[in-house]
Amino acid sequence: GNTKNYIAYFQRATVYLALGRHRQALSDLESVISLKPDFHQARSEKVGVLIKRGSIEDAKMELEKLMKSDLDRAQDHLRSIPVLAQSIEDGDSFFENSDYANAIDSYDKAIEIAKWDVSLREKRSECYLKLGNVVSAISDVRAVAKLTNDNTDAYLKLSKLHYFMGEEEESLKEIRECLKLDQDHKECHAHYKKVKKLAKFLSTAQDRVNEGDYHGAIDKLHAAQKVESAEPKIVLKVNSRLCLANKQASESAACIETCTKVLESNSQDIEALTNRAECHILAEDYESGVVDYKEAVNINPDNRGSKEGLKRAERLLKLSKKRDYYKILGVPRNASK
């Protein structure tokens, strides 16, 4: 019954290929060839899988056998092998010379042919990182994680890249995948503990804001700062939230300090500018409030909130320049009549 079996193996291999499960497909194709060596279609499929995996030497050996028996089928593969080999060679050479943009172009061509070759994705992700394109690097590392079994390193790298981007929830999701594969993985466990703590403080802070407990939110954000004080995008995220929470809590001095930190990282941050403007107004420093609102309007002239805020700040500045009866009476300006 063996000769009949080869058809079943071949059909299953075809299904595996359609699902992208190339390891199982290759194993079934090898079974077909050992049962029926003259079944050229199976050998041709095997060459195709080897090329897609980037196994150039193995593909050449199989191709030699195929050429002896079925030159037509061999022709298609004959064209792609040299293009693949050359693209990889060019990519590696560009990479060694720190020409990452051209290396990416070469690896692109190679990956079009060898879409299951993990090493090409790893190399291209390194190029993206060297050019500061973290989003594209993440997409390549995610493909590596999918293409390989039990790749704890890929999940750790993914988690760290998301963390670098200031995305603590995504980072936590990926590090959990690593621990599912190996719960004793030291590096993954250490990173998990840190990210889990940070994510918890940030989400609890948001809950406090939603409940109107702004001082409670500020406490949680300070706790988050203790967990992470070095990673720039996380630090910026926490400062942005503190900038807003301090404003909501009417803590004008702390608000001005945290909003200023945000603006040192990103001078175009309209939210930080308008929050700081409000806190200057709260502290009765109307001139600084006007300056911040003007800057916000400069950055985005269509922002209604900034334009209205500027008008209000200018009006308050005018009022404050008149004789201040409130001060003489010793009551705050916003006291009810």
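Scroll up for the structure.
Residues numbered from 1 in each chain as written. Predicted model: local features only at pLDDT ≥ 70, side-chain atom pairs only at ≥ 80, totals over all residues. Heavy atoms only, no water.

Any chance you could explain the pattern of salt bridges here in plain terms?
Pairs can form between side chains of opposite charge once their charged atoms are near each other. In this structure the tally under the stated criterion is 22 salt bridges. Between Asp92 and Lys123 there is a salt bridge; the shortest N-O distance is 3.0 Å. Taken together, the positions of Asp92 in helix H5 (residues 71-96) and Lys123 in helix H7 (residues 118-130) put the pair 31 residues apart, joining distant regions of the chain. With a closest N to O distance of 3.9 Å, Arg121 and Asp140 form a salt bridge. (Salt bridge = Lys/Arg side-chain N within 4 Å of Asp/Glu carboxyl O. Helix = DSSP H or I, 4+ residues; strand = E, 2+ residues; numbered from the N terminus.)

Looking at this structure, I do not really get helix H12 (residues 214-227). What am I missing?
One turn of the α-helix equals 3.6 residues, which is why residues spaced by three or four share an orientation. For H12, which comprises 14 residues, the first-to-last C-alpha distance of 20 Å matches the rise-based estimate of 20 Å (1.5 Å per residue) to within 8%. The inward-facing, buried residues of H12 abut helix H11 (186-211) and helix H13 (232-248). (Expected span 1.5 Å × (residues − 1). Contact = heavy atoms within 4.5 Å.)

Is there a simple way to explain the packing of H13 against helix H14 (residues 252-265) in this structure?
Geometrically, a packed helix pair is captured by the angle between its two axes and the distance between the axes. Contact pair H13 / H14: the axes reach a minimum separation of 8 Å and the direction vectors enclose 145°. Every pair of crossing elements has a handedness; the one defined by H13 and H14 is left-handed. Here Leu236, Asn239, Ser240, Leu242, Cys243, Asn246 and Lys247 of H13 lie close against H14, whose contacting residues are Ala254, Cys255, Thr258, Cys259, Lys261, Val262 and Ser265. (Axes fitted to C-alpha atoms, helices over the stretch in contact; angles between N-to-C directions. Left-handed = near helix turned anticlockwise from the far one by under 90°.)

Just checking my understanding: could you explain the packing of aromatic side chains for this structure?
Any pair of aromatic rings gets described here by the distance separating the centres and the angle formed by the planes. Under the counting rule described, the total for this entry stands at three aromatic pairs. With a centroid separation of 5.4 Å and an interplanar angle of 70°, the aromatic rings of Tyr6 and Phe39 are classed as edge-to-face. Highlighted residues: Tyr6 in helix H1 (residues 2-18) and Phe39 in the loop between helix H2 (22-35) and helix H3 (40-52), separated in sequence by 33 residues. Assigned by exposure class, Tyr6 and Phe39 land together as buried. Ring geometry for Phe95 and Tyr100: centres 5.4 Å apart, planes at 70°, overall edge-to-face. Within the aromatic cluster, the residues linked to one another by ring pairs are Tyr6, Phe10 and Phe39. Sitting above the plane of the Phe164 ring, Lys233 keeps its charged end 5.3 Å from the centroid. (Phe/Tyr/Trp six-rings, centres within 6.5 Å; stacked < 30°, edge-to-face > 60°. Buried < 20%, exposed > 50% of the residue type's maximum accessible area, 1.4 Å probe, protein only. Lys NZ or Arg CZ within 6 Å of the ring centre and 35° of its normal.)

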